[in-house]
Amino acid sequence: MPPPSDLDRRARPRPVSGLLAAAGRHLRVGVPADLTDAVTRSHLDDGRCVGWYGPTTPGWRVAIDAERADAPVPPALGRRFGVEDFWARWTRAECCCKLADVPVAAWWRLHGLGTPADGSAVWRTLRVADLVVTVGFAPAPGSVAASRLDR
């Protein structure tokens, strides 16, 4: 069962829940040179890039991570974390790492490929053509959104 995301929570932070619900409309896939104006990007191993073109959201940081859905799972990672739903779990963990500004190796020690249930990040994982993409948001440090989550 996938971990809870913003779409599963009863109290959804606004305005990012609407952006997550419509995430597929805000993503573009292409070559990096064509996506330089994206808010944020994720580079793929086949030379393509996925860019986020959603509106900026004051008080919130956005991150994305994408992988080819049919890419083989590296054997060492498959042994360590299992292969079931690997790329969805991987992109969620990578997205949370980007939002928390934590190296993935440090994340693995704390969470494996999981996401903390008590974290402030919200996300959505979806299929876009042949890709698995996770879009995530977290309150920017010192923002009103962050202070509301601390209550």
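A short tour of the structure in this document, coming up. Just so it is clear, the structure is predicted and the values come from calculations on it, not from any experiment. (Residues numbered from 1 in each chain as written. Predicted model: local features only at pLDDT ≥ 70, side-chain atom pairs only at ≥ 80, totals over all residues. Heavy atoms only, no water.)

## Focus: the sheet that holds strand 2 (residues 40-43)
Defined as follows: Here, strands pair whenever DSSP counts at least two bridges between them. Per the convention used, a helix needs a DSSP run of H or I reaching at least four residues, while a strand needs a run of E reaching at least two, with both numbered from the N terminus. A fitted line through C-alpha atoms serves as each axis, taken over the contacting stretch for helices, and the angle formed by two N-to-C directions is quoted from 0 to 180°.
As summarised here, the arrangement of the 3 strands in space is 1-3-2, forming an open sheet in which the pairing is antiparallel. The strands lining the two open edges of the sheet, one partner per strand, are strand 1 (27-30) and strand 2. The sheet shows a mean angle of 20° between the axes of neighbouring strands, taken without regard to direction. For strand 1 and strand 3 (residues 49-52), the ladder comprises 4 bridges, and the chain directions are antiparallel. Of the residues in strand 3, the one forming a bridge with Val29 is Val50.

## Topic: the sheet that holds strand 4 (residues 60-68)
Reading across the sheet, the 3 strands line up as 4-6-5 and stay open at both edges, with antiparallel pairing between neighbours. Looking at strand neighbours, the two that pair on one side only are strand 4 and strand 5 (122-128), the edges of this open sheet. Going from strand to strand, the sheet's axes swing by 15° on average, the running direction of each strand aside. In this structure, strand 4 lies alongside strand 6 (residues 131-139), joined through 9 bridges in antiparallel fashion.

## Let's talk about the nonpolar core
Stated precisely, the cut-off is as follows: Buried Ala, Val, Leu, Ile, Met, Phe, Trp, Tyr and Cys residues that are joined via side-chain atoms within 4.5 Å together make up what is termed a nonpolar core. Residue burial is assigned from relative accessible area. The probe radius is 1.4 Å, only protein chains are included, and a residue is buried under 20% of its type maximum, exposed over 50%, and partly exposed in between.
In terms of nonpolar packing, the biggest core is built from 19 residues, with Leu77, Phe81, Phe86, Trp87, Trp90, Trp108 and Leu113 touching the most fellow members. Considering every element that reaches this core, the biggest residue donor is helix 3 (residues 86-100), with 9 residues. Residues Leu20, Trp60, Val122 and Val133 belong to the second largest nonpolar core, which totals 18 residues.

## Regarding the packing of aromatic side chains
Condition: Classification of ring pairs rests on two measures: the distance between centres of Phe, Tyr or Trp rings, Trp counted by its six-membered ring, which must be within 6.5 Å, and the angle between planes, read as stacked under 30 degrees, edge-to-face over 60 and tilted in between.
The full count for this structure, using the stated rule, is 6 aromatic pairs. Ring geometry for Phe86 versus Trp90: centroids 5.7 Å apart, planes at 25°, classification stacked. Separated by 4 residues within a single helix, Phe86 and Trp90 lie in helix 3, roughly one turn from each other. Judged on exposure class, the residue Phe86 and its partner Trp90 are both buried.

## Focus on unusual backbone geometry
For Asp85, which is not glycine, the phi dihedral falls at a positive 55°. Relative to the helices and strands, Asp85 resides in the loop between helix 2 (75-81) and helix 3.

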